[in-house]
Amino acid sequence: KISNRDAVCWTSLIAGYAQNGYAEKALECFENMKRAGFFPNVVTYVCILKACGHSIGACEKGQEVHAEIVGGGFLDRNAFIGNALVDMYIKLGKLDKAREVFDTLQVRDTVTWTVLIAGYTQYGYGEEAVECFQMMMEDGFSPDATTFACILKACGRMEVIKGQEIHAQIVEEGWLGKDALVGNALVDMYAKCGRIERAQMVFNELSFRDIVSWNALISGYVQHGKGAEVIDCFEQMKNDLITPDVVTYVCTLKTCGSIGMIEKGKEIHTEIVKGQLLEKYVLVGNALVDMYVKFCDIERAQNVFDGLHLHDVITWNTLIAGYAQHGHNVKSLHCFE
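Note that the coordinates shown come from a computational prediction; the quantities given were computed from them, not determined experimentally.

Looking now at the overall build of the protein chain. Counting its regular elements, the protein chain contains 20 helices and zero strands. Dimensions along the principal axes, computed over C-alpha positions, put the protein chain at roughly 70 × 50 × 35 Å. Out of the 337 residues belonging to the protein chain, those deemed buried represent 47%. Summing over all exposed atoms, the protein chain offers an accessible surface of approximately 17100 Å²; the carbon and sulfur share of this is 53%. Of note, the protein chain has its 31 positive side-chain charges centred 4 Å away from the centre of its 43 negative side-chain charges.

Given below as structure tokens:
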């Protein structure tokens, strides 16, 4: 309805679409804006690069926008656009192109380095992530909480030695006392490296614990088959008035099924129903069916399955496998059909 639109007006709408996951709408608005004779500004380009990164098949459009940005000289003076450009190529799975853009940037900041480190970590290139982390500090940039969280995740897939070095740096710079993100990433790193005792020690030292902290520790204990510790953590967590989430329940149900804690499993089932999680999360339903299968209570597994609002291939596979494992071959085939 606005008759006198300007670049800010267009950018506000593009930003709204981009931030809320409507990438195609954002791209459409961007083209309409240019047709109407308005020139994109820094914010417009940052938003449209974000939209390209979240749009299937938008690589060509992203490259077009990249060419516009270079032609307008924006990369020579603004870190925001450079960061968004590197991030877009990472989101599109073009890591080599992201690195190529990064290497040509005249202006970089901590965010630029962190975006690249996060990209390498996301795609499993731990050594490259660590190399970038070292180069970042050599260039005089200080890691922030997000940088540490990303590099610790990369270390969780590698040898623990590098993670211990970064742990020492985190302690020296006082990050454990001021940011939960770093503490949680540290617990998770040690758990994934198989150093669950060290993960527990770090967890005990945290000044602030949230659901992510507890889930990192619980997941670590599950991964290493320490069922009693999982249940202890679950109870302590609730005593600390932290409400379990999907990850917590899936881990705890898996443990109950593995160590045969039937009564505890039923108790957790009741909690889940009361919290109405089965209506929203297929993962919880899958874990519940699997737990009853492991209890050899295939009838209860079928009842849970029948009551689920959401099924996926894993839900069906769990029930089919359950019938097959317990000798109910006809029912297994019936489920398959």
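As a further point, take the packing of aromatic side chains. Tallied over the entire structure, the rule returns 11 aromatic pairs. Residues Phe148 and Trp175 carry aromatic rings whose centres are separated by 5.8 Å and whose planes lie at 65° to one another, so their mutual orientation is edge-to-face. Of this pair, Phe148 sits in helix H9 (residues 145-155) while Trp175 is found in the loop between helix H10 (160-172) and helix H11 (180-192), placing the two residues 27 residues apart along the sequence. Clustering of aromatic rings is evident, with ring pairs tying together Phe30, Tyr45 and Phe74. Residue placement shows Arg108 over the ring face of Phe102; its charged tip is 4.2 Å from the ring centre. Taking NZ or CZ as reference, Lys178 lies 4.3 Å from the ring centre of Trp175, over its face.

A few words now on the pattern of salt bridges. Applying the stated criterion across every chain, the model contains 13 salt bridges. Linking Glu267 and Lys264 is a salt bridge whose minimum nitrogen-to-oxygen distance equals 3.1 Å. Highlighted residues: Glu267 and Lys264, both in helix H16 (residues 262-274), separated by three residues, approximately one helical turn. Look at Lys264 and you get buried, because its relative accessible area is 13%. Measuring nitrogen to oxygen at the nearest pair gives 2.7 Å for the salt bridge that ties Lys294 to Asp290.

The terminal C-alpha atoms of helix H17 (residues 282-294) lie 18 Å apart, and with 13 residues this matches the ideal 18 Å at 1.5 Å per residue to within 8%. Those residues of H17 that fall on the buried side of the exposure criterion are Val284, Gly285, Asn286, Ala287, Leu288, Val289, Met291, Tyr292 and Val293. Buried positions along H17 lie against helix H15 (246-259), H16, helix H18 (298-307) and helix H19 (313-325). Once H17 ends, the next one or two residues include Cys296, with phi positive near 65°.

Taken N-terminus to C-terminus, the directions of helix H13 (residues 211-223) and H15 make an angle of 25°; their axes are 9 Å apart at the nearest point. Regarding the angle of H13 to H15, the classification is roughly parallel. The two elements H13 and H15 cross, and the hand of that crossing is left-handed. Touching Ile211, Asn215, Ile218, Ser219 and Val222 of H13 are Val247, Thr248, Cys251, Lys254 and Thr255, all from H15. Its residues assigned to classes, the contact of H13 with H15 shows five nonpolar, four polar and one charged.

It is worth spelling out unusual backbone geometry at this point. Residue Leu241 is not a glycine yet carries a positive backbone phi of 65°. Of note, Leu241 is situated in the loop between helix H14 (227-239) and H15. Accessibility expressed as a relative area gives 75% for Leu241, which makes it exposed. Backbone geometry at Cys296 places phi at a positive 65°, although glycine is not the residue there. Examined against the element boundaries, Cys296 turns out to sit in the loop between H17 and H18. Overall, Cys296 belongs to the exposed group, its relative accessible area being 53%.

Quick look at the nonpolar core now. Counting residues in each nonpolar core, the largest one holds 80 residues, and the members touching the most others are Ile48, Val86 and Ile170. No other element matches H9, which puts eight residues into this core. In this structure, Phe234, Leu253, Ile268 and Ile272 belong to the second largest nonpolar core, which totals 27 residues.

Assignment of secondary structure puts Asn184 in helix H11. Judged by its relative accessible area of 6%, Asn184 falls in the buried class. A distance of 2.5 Å separates a polar atom in the side chain of Asn184 from a polar atom in the side chain of Ser213.

Take helix H12 (residues 196-205) next. When we look at burial in H12, the residues that qualify are Ile196, Ala199, Val202 and Phe203. Across the axial projection of H12, the buried residues extend over an arc of 115°, all falling on one side. Summarising the geometry of H12, the exposed residues directed more than 90 degrees from the buried face are Glu197 and Glu205.

Conventions we followed
Residues numbered from 1 in each chain as written. Predicted model: local features only at pLDDT ≥ 70, side-chain atom pairs only at ≥ 80, totals over all residues. Heavy atoms only, no water. Helix = DSSP H or I, 4+ residues; strand = E, 2+ residues; numbered from the N terminus. Buried < 20%, exposed > 50% of the residue type's maximum accessible area, 1.4 Å probe, protein only. Areas by Shrake-Rupley, 256 points an atom, 1.4 Å probe, with all protein chains shown as cover. Lys, Arg positive; Asp, Glu negative; His and termini not counted. Charge placed at Lys NZ, Arg CZ, Asp CG, Glu CD. Phe/Tyr/Trp six-rings, centres within 6.5 Å; stacked < 30°, edge-to-face > 60°. Lys NZ or Arg CZ within 6 Å of the ring centre and 35° of its normal. Salt bridge = Lys/Arg side-chain N within 4 Å of Asp/Glu carboxyl O. Expected span 1.5 Å × (residues − 1). Contact = heavy atoms within 4.5 Å. Axes fitted to C-alpha atoms, helices over the stretch in contact; angles between N-to-C directions. Parallel < 35°, antiparallel > 145°, perpendicular 65-115°, else oblique. Left-handed = near helix turned anticlockwise from the far one by under 90°. Nonpolar A, V, L, I, M, F, W, Y, C, P; charged D, E, K, R; others polar. Core = buried A, V, L, I, M, F, W, Y, C linked by side-chain atoms within 4.5 Å. Polar contact = N/O pair within 3.5 Å; in protein donor to acceptor, adjacent residues only side chain to side chain. Arc of directions from axis to C-beta.

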